[in-house]
Amino acid sequence: MAEYISTFITGFGEVVSQDLQRHFPKIKILNLFDGLIHYKFDGDSRQLSKIIYFNNTFFVLKTMKGKGLNFNSLVGAVTAETKYFLINKGSFRVRFVKENQFQKVDKNISKKAEDCVLRNSKLQLDRLSPTTEIWYSIRRENFAFCGQLISKREFTEKNLNKGELRPEFAYLMCAFAGLKNDEVIADPFAGYGSIPNQIMGFCRPQSLYVSDIEEKQVEIIENLPALKKDFVRVFCGDAFELSENGVSELDVVITDPPWGFYEEIGDMTDFYKKMFASFRRVLKSDGRMIILTARADSLEEAATASGVKVLSSLHTLVNGKKASLFRMSW
């Protein structure tokens, strides 16, 4: 089985590990670090590029563990062996990365690394606009690797609305929630519909309620092709009045409420208390809530006051801001 390394959003290590095994039951996880997973996979490598939450995926040429790792020793270990390159035609450049930051190295080290690729492949050197890249990466966990970049996520923030949740993040929320087929699910702060859109790719709900208080955003949601199903109801409504809009018997609420940074929310703890009261009216007794927030202290204070239990949580970044994702129940 070939070895690969893929990177992803910080904080979601266990979620990614479990979801990857859901996609590929025969996969073997070798190492799991914050934002990086190292694994063996015997399928078509092109399947890996379809995993929505992977940023960069590498075909592994060499890994090393231990204290005091440096580029000189890593390059030396790689160049001492004959290497097989998954992509063997086109052009390449070599890049050096330490703790997620590109680094400049001594010219003798970079030349040695480049000569190794030229000697072991049909790739041509192109330092400006190559078709593939060879990375030498050293991480803070005393782990280093050399790998060939085989797929790279194109970040297209320009195609997203301001404040819209990235699709890969919305998908990971679904995985964190452990959504299942035939559940009754709701997103009452749907915004531009990122989470409901990914729900439809993750599972098949029995019913899906999608709502927002802003009419213009609901209009956008209504036009999402994935949500044009008989079991999906999209409506404009107040998340504090879900029961008055016919919502009931929910298995899951999964949502990204306003954070109070750009909206006039008032006291965030009171806001969350009202939210929990509304959710209590429509959730089944064993129902669960998956809440994304950058106001973790306020959410936990409101949860304690409302008799809500935190089942699990993780900490991550959303557009560079610290945020937390909670799984909660009564």
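Residues numbered from 1 in each chain as written. Predicted model: local features only at pLDDT ≥ 70, side-chain atom pairs only at ≥ 80, totals over all residues. Heavy atoms only, no water.

**Let's talk about the sheet that holds strand β16 (residues 321-329)**
Strand order in this open sheet of seven strands is β12-β11-β10-β13-β14-β16-β15, and the pairing throughout is mixed. Each end of this open sheet is capped by a strand with a single partner; those strands are β12 (232-236) and β15 (309-318). Each strand of the sheet is rotated relative to its neighbour by a mean of 15°, with strand direction disregarded. As paired elements, strand β10 (residues 184-187) and strand β11 (residues 207-212) share four bridges and run parallel to each other. Residue pairing in the sheet places A186 in a bridge with Y209 of β11. Docked against the sheet, helix α6 (residues 215-222) engages β11 and β12, running at close to 160° with respect to β12. Most of the contacts of helix α8 (residues 296-306) go to β16, to which it runs at about 20°, and overall it touches β14 (283-293) and β16. (Pairing = 2+ DSSP bridges. Helix = DSSP H or I, 4+ residues; strand = E, 2+ residues; numbered from the N terminus. Axes fitted to C-alpha atoms, helices over the stretch in contact; angles between N-to-C directions. Contact = heavy atoms within 4.5 Å.)

**Observations concerning the side chain of S137**
Tracing the backbone shows S137 in strand β8 (residues 132-139). Residue classification places S137 among the buried positions, given a relative accessible area of 7%. Beyond its immediate stretch of four places on either side in the chain, S137 contacts L74, V97, F143, A144 and F145. (Buried < 20%, exposed > 50% of the residue type's maximum accessible area, 1.4 Å probe, protein only.)

**Here's the deal with the packing of helix α4 (residues 167-177) against helix α5 (residues 194-202)**
Direction vectors running N to C along α4 and α5 enclose 60°, while the axes themselves pass 8 Å from each other. Between α4 and α5, the interaxial angle falls into the category oblique. Remark: the crossing between α4 and α5 carries right-handed chirality. Contacts between α4 and α5 involve P167, A170, Y171, M173, C174 and A175 on the former and, on the latter, S194, I195, Q198, I199 and F202. Residues belonging to the contact of α4 with α5 are distributed by class as follows: nine nonpolar, two polar and no charged. (Parallel < 35°, antiparallel > 145°, perpendicular 65-115°, else oblique. Left-handed = near helix turned anticlockwise from the far one by under 90°. Nonpolar A, V, L, I, M, F, W, Y, C, P; charged D, E, K, R; others polar.)

**Focus on α6**
Turning to α6, its buried residues are Q217, V218 and I221. Angular distribution of buried residues about the axis of α6 spans 100°; they occupy a single face of the element. Facing away from the buried surface of α6 by more than 90 degrees, the exposed residues are E215 and K216. (Arc of directions from axis to C-beta.)

**Here we look at the layout of surface pockets**
Volume-wise, the largest pocket comes out at about 1,000 Å³. Along the walls of the largest pocket sit 34 residues, with G163, Q217, D256, P258 and E263 positioned nearest its centre. In the lining of the largest pocket, the residues fall into 16 nonpolar, seven polar and eleven charged. By volume, the second largest pocket is sized at about 500 Å³. What lines the second largest pocket is a set of 21 residues, among which T7, G35, N56, N100 and R139 lie closest to the centre. Secondary structure elements with two or more residues in the lining of the second largest pocket: β4 (56-65), β6 (101-102), β8 and β9 (143-152). Among the elements that make up the lining of the second largest pocket, the one with the highest residue count is β8 (three residues). (1 Å grid on protein atoms, 1.4 Å probe; cavity = no way out; pocket = protein on both sides within 12 Å on 5 of 7 lines; lining within 4 Å. Points joined across faces, edges and corners; volume = space filled by probe spheres on them.)

**Section: the pairing of β16**
As paired elements, β14 and β16 share five bridges and run antiparallel to each other. Each bridged residue has a counterpart across the sheet, and for M289 the counterpart in β16 is M328. Pairing of β15 with β16 involves nine bridges; the strand directions are antiparallel. Bridging across to β16, L317 finds its partner in K322. Where β15 folds back onto β16 in an antiparallel hairpin, the turn is made up of two residues, including N319, whose phi is positive at roughly 50°.

**Details of the pairing of β12**
As defined by bridge partners, β11 adjoins β12 across five bridges and the pair is classed as parallel. Opposite L208, over in β12, you have V232 as the bridge partner. Handedness of the crossover joining β11 and β12 through α6 is recorded here as right-handed. (Right-handed = clockwise from strand over helix to strand, strands pointing away.)

**A closer look at the pattern of salt bridges**
Under the definition given, this model contains 13 salt bridges. When the shortest N-O distance is used, the salt bridge between R46 and D44 registers 2.8 Å. Ionic pairing is found between K111 and D115, a salt bridge with its closest N-O pair at 2.9 Å. Of this pair, K111 and D115 both sit in helix α3 (residues 107-120), four residues apart, which is roughly one turn of that helix. Overall, the relative accessible area of 30% leaves D115 in the partly exposed class. One network of salt bridges, in which partners are shared, links K62, E81 and K83. (Salt bridge = Lys/Arg side-chain N within 4 Å of Asp/Glu carboxyl O.)

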